[in-house]
Amino acid sequence: MTHTPPTDVDVLVIGAGISGISAAGHLRARRPGTTFAVLEAREEIGGTWSLFRYPGIRSDSDMTTFGFGFRPWRHRKSIADGHLILDYLRQTVAERRLGEHIHVGHRVLSADFSTADGRWTVTAEQSGSGRTVRFTARFLFVGTGPYDHDEGYTPDFAGVEDFTGRVVHPQHWPEDLDHTGRQVVVIGSGATAVTLVPAMARTAGHVTMLQRSPGYVFSAPAEDAIANTLRTLLGPRRAHRIVRRKNVLLTRAVYKASRRAPKLMRRLLIAGVRRRLPRHYDVDTHFTPRYAPWDQRLCLVPNGDLFKAISSGRASVVTDRIERFTGTGILLESGQELAADVVVTATGLRMAVFGKVRLSVDEQPVHVPDTTAYKAMMLSGVPNFVFALGYTNLSWTLKVDLVGEHFCRLLDHMDAHGYRTVEPVLDDPYLERLPYMDLTSGYVRRGIGTFPRRGTSGPWTVEMAYEKDVERLRRGPVADSALRFTTGPARAASPSGQAR
């Protein structure tokens, strides 16, 4: 994955995490004659799973649905550790012979589409040398995810310069950090915090989860007994189809119930927490959110590890606001001071639309918030451009795989009719446009304004519903009145996928 990439391809994929590997896998399997390359800014594949190295990192979705549809997950753990997921991605690349297409150390800076040529010109910077190189492609597929991999989010804490211990962000975990026997404060209440606390509590002197307000937390087994039994009886592939359907239906049922009967689901979720903590624990203060279930993502606790750490006394939760850092810890607005040797700011991520690549069409910059997402995979007014953003209420990969499938179908349709370009056209000036995601999480509110908008009807909606996307992307027609196709002399692939 370090050899020189081709300078001209049919499809240029940006990003070699789950989304980019999924796109490459679908192209390799469904369109064997299509030339493509994957450019990855970092020096290794894996995206999130090679970037984040903090203790306990794991999936917060079951791996039967978080893994690729074309390669069943085989490990016994359904809620898997980060290193297992990274191994799975590397094995997928090796088994599907995708490595020859992936080129690490190439950070894409800009991409301009030429209407006259029907092609993208992409400029990338090579790591190490800083040299810029150019590529051309018929299609651009962006699989960079929604987050800024360069920098996490940390609020401005008063007095942090006075603190004599170490302050670390989970996105930039230092290899030399030894928290054994130390007093640790983890600031945050999201998925990263509830992962870090039990993992660090195994060896730390004590770990305190300091949260401004609580979130919904629920426990589930790390291993799926039904999945493991079916793999033994039916084999991995047949079991995969059954378990995937089961898990999608179960997750969707929980989500729909949360939206339709939020008070009931709130009571059930909080009751589940009470059962796992000591009898007189203050659940009302520390585990009773002010918002409804699924206004923000629910936090999964495999095998109740967070609750076990709290019950054993190795970890605790404090719900309060930070007044300032001191030399030896954190002073809270209540007047309490938390002693700390290490402070972990699990305070969130920064969103970055399309990997911060500067897009333009005929040298005119594309202001992404002015565009509207078409089928949640293309942009109005931007030709031959596809992106993959997964679900917020289901496994990310379920959506990414559907986008990969539909993209290959789109290419087949264009080849069969001799089309050179395709562009979604929004011609309804009265269509209401809303933020791409409707979560109330802090990181979404801070960054969603830079993303494309979604419409309220037709192909312009963003469906966070797998069953609806299956009908639209897998079974529905490619041709659509909102798509403008053009023909011309530019190079195209034949219906069989062979370049001509």
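What counts, and where the lines are drawn
- Residues numbered from 1 in each chain as written.
- Predicted model: local features only at pLDDT ≥ 70, side-chain atom pairs only at ≥ 80, totals over all residues.
- Heavy atoms only, no water.
- Pairing = 2+ DSSP bridges.
- Helix = DSSP H or I, 4+ residues; strand = E, 2+ residues; numbered from the N terminus.
- Axes fitted to C-alpha atoms, helices over the stretch in contact; angles between N-to-C directions.
- Salt bridge = Lys/Arg side-chain N within 4 Å of Asp/Glu carboxyl O.
- Buried < 20%, exposed > 50% of the residue type's maximum accessible area, 1.4 Å probe, protein only.
- Phe/Tyr/Trp six-rings, centres within 6.5 Å; stacked < 30°, edge-to-face > 60°.
- Lys NZ or Arg CZ within 6 Å of the ring centre and 35° of its normal.
- Patch = residues over 30% accessible without salt bridge, like charges linked within 9 Å, V, L, I, M, F, W, Y side chains within 5 Å.
- Areas by Shrake-Rupley, 256 points an atom, 1.4 Å probe, with all protein chains shown as cover.
- Lys, Arg positive; Asp, Glu negative; His and termini not counted.
- Charge placed at Lys NZ, Arg CZ, Asp CG, Glu CD.
- pLDDT = per-residue confidence, 0-100.
- Contact = heavy atoms within 4.5 Å.
- Expected span 1.5 Å × (residues − 1).
- Core = buried A, V, L, I, M, F, W, Y, C linked by side-chain atoms within 4.5 Å.

**Structural notes on the sheet that holds strand E15 (residues 337-339)**
1) Next: Strand order in the open sheet made by the 3 strands is E13-E14-E15, with antiparallel pairing throughout. The open sheet is flanked by strand E13 (322-325) and E15, the only strands paired with a single partner. Here the strands of the sheet are splayed against their neighbours by 25 degrees on average, with no regard to which way each runs.
2) Next: The pairing of E13 with strand E14 (residues 329-332) spans 3 bridges and is antiparallel. Each residue of the ladder has a partner; that of Phe 325, found in E14, is Ile 330.

**Some thoughts on the pattern of salt bridges**
1) Next: Applying the stated criterion to the full structure yields 29 salt bridges.
2) Next: Linking Asp 415 and Arg 31 is a salt bridge whose minimum nitrogen-to-oxygen distance equals 2.5 Å. Of the two residues, Asp 415 sits in helix H11 (residues 396-417) while Arg 31 sits in the loop between helix H1 (18-30) and strand E2 (36-40), which places them 384 residues apart along the sequence. The residues Asp 415 and Arg 31 share a single accessibility class, namely buried.
3) Next: Linking Glu 44 and Arg 42 is a salt bridge whose minimum nitrogen-to-oxygen distance equals 3.8 Å.
4) Next: Salt bridges sharing common partners tie together Arg 31, Arg 138, Asp 412 and Asp 415.

**Description of the packing of aromatic side chains**
1) Next: The full count for this structure, using the stated rule, is 21 aromatic pairs.
2) Next: Ring geometry for Trp 49 against Phe 66: centres 5.9 Å apart, planes inclined by 80 degrees, an arrangement best described as edge-to-face. Of this pair, Trp 49 sits in helix H2 (residues 48-51) while Phe 66 sits in helix H3 (residues 63-66), and the two are 17 residues apart along the sequence. By the burial criterion, Trp 49 is buried, and Phe 66 matches it.
3) Next: With a centroid separation of 5.3 Å and an interplanar angle of 50 degrees, the aromatic rings of Phe 354 and Phe 387 are classed as tilted. Of this pair, Phe 354 sits in the loop between strand E16 (342-345) and strand E17 (358-361) while Phe 387 sits in strand E21 (residues 385-387); the two residues are 33 residues apart in sequence, bridging distant segments of the chain.
4) Next: In this structure an aromatic cluster arises from ring pairing among Phe 113, Trp 120, Phe 354, Phe 385, Phe 387 and Tyr 436.
5) Next: Its guanidinium or amino end placed over the ring of Tyr 153, Arg 446 lies 3.5 Å from that ring's centre, counting from NZ or CZ.

**Some details on a positive patch on the surface**
1) Next: A grouping of Arg 74, Arg 237, Arg 238, Arg 241 and Arg 245 is seen on the molecular surface, where their side chains present a positively charged patch.
2) Next: Residue placement: Arg 245 occurs in helix H7 (residues 236-260).

**Section: the confidence of the model for the chain**
1) Next: Looking at the chain as a whole, the pLDDT averages 94, with 97% of positions reaching at least 70.
2) Next: The model gives residues 490-500 a pLDDT under 50, and that stretch makes 25 contacts with residues more than four places away or in other chains.

**Focus on H1**
1) Next: Compared with an ideal rise of 1.5 Å per residue, which puts 13 residues at 18 Å, H1 spans 18 Å between its outermost C-alpha atoms and is within 8% of the ideal.
2) Next: Most of H1 sits out of view: 10 of its 13 residues are buried.
3) Next: The complete set of buried residues in H1 reads Ile 18, Ser 19, Gly 20, Ile 21, Ser 22, Ala 23, Ala 24, Gly 25, His 26 and Leu 27.

**A closer look at the nonpolar core**
1) Next: Leu 140, Val 186, Phe 287, Phe 385 and Tyr 436 are the most contacted members of the largest nonpolar core, which totals 134 residues.
2) Next: Here this core gets 10 residues from one element, more than from any other, and that element is H11.
3) Next: With near-sequence residues (within four places) excluded, Phe 287 lies in contact with Pro 214, Val 217, Ile 270, Val 273, Leu 277, Tyr 281, Leu 306, Phe 307, Ile 310 and Val 317.
4) Next: Membership of the second largest hydrophobic core comes to 12 residues, among which are Val 318, Phe 325, Leu 332 and Leu 338.

**What about the pairing of E17?**
1) Next: Where strand E4 (residues 106-114) meets E17, 4 bridges bridge the pair, whose relative direction is parallel. When the bridges of E17 are listed, Ser 110 appears paired with Arg 358.
2) Next: Here 2 bridges tie E17 to strand E18 (residues 364-365), and the two strands are oriented antiparallel to one another. Bridge pairing links Ser 360 to Pro 365 in E18.

**Observations concerning the environment of Arg 237**
1) Next: Inspection of the secondary structure assignment puts Arg 237 in helix H7.
2) Next: Taking the relative accessible area as the measure of exposure, Arg 237 reaches 45% and is therefore partly exposed.
3) Next: Expressed as a C-alpha distance, the spacing of Arg 237 and Trp 73, which sit 164 residues apart in the sequence, is 9.1 Å.
4) Next: Those residues in contact with Arg 237 that sit more than four places away from it in its chain are Phe 70, Pro 72 and Arg 96.

**Overview of the side chain of Asp 10**
1) Next: Of note, Asp 10 is situated in strand E1 (residues 8-14).
2) Next: No salt bridge is formed by the buried Asp 10; the nearest opposite charge belongs to Arg 119, separated by 4.8 Å.
3) Next: When near neighbours in sequence (up to four residues on either side) are disregarded, Asp 10 contacts Gly 33, Thr 34, Thr 35, Ala 137, Arg 138 and Phe 139.

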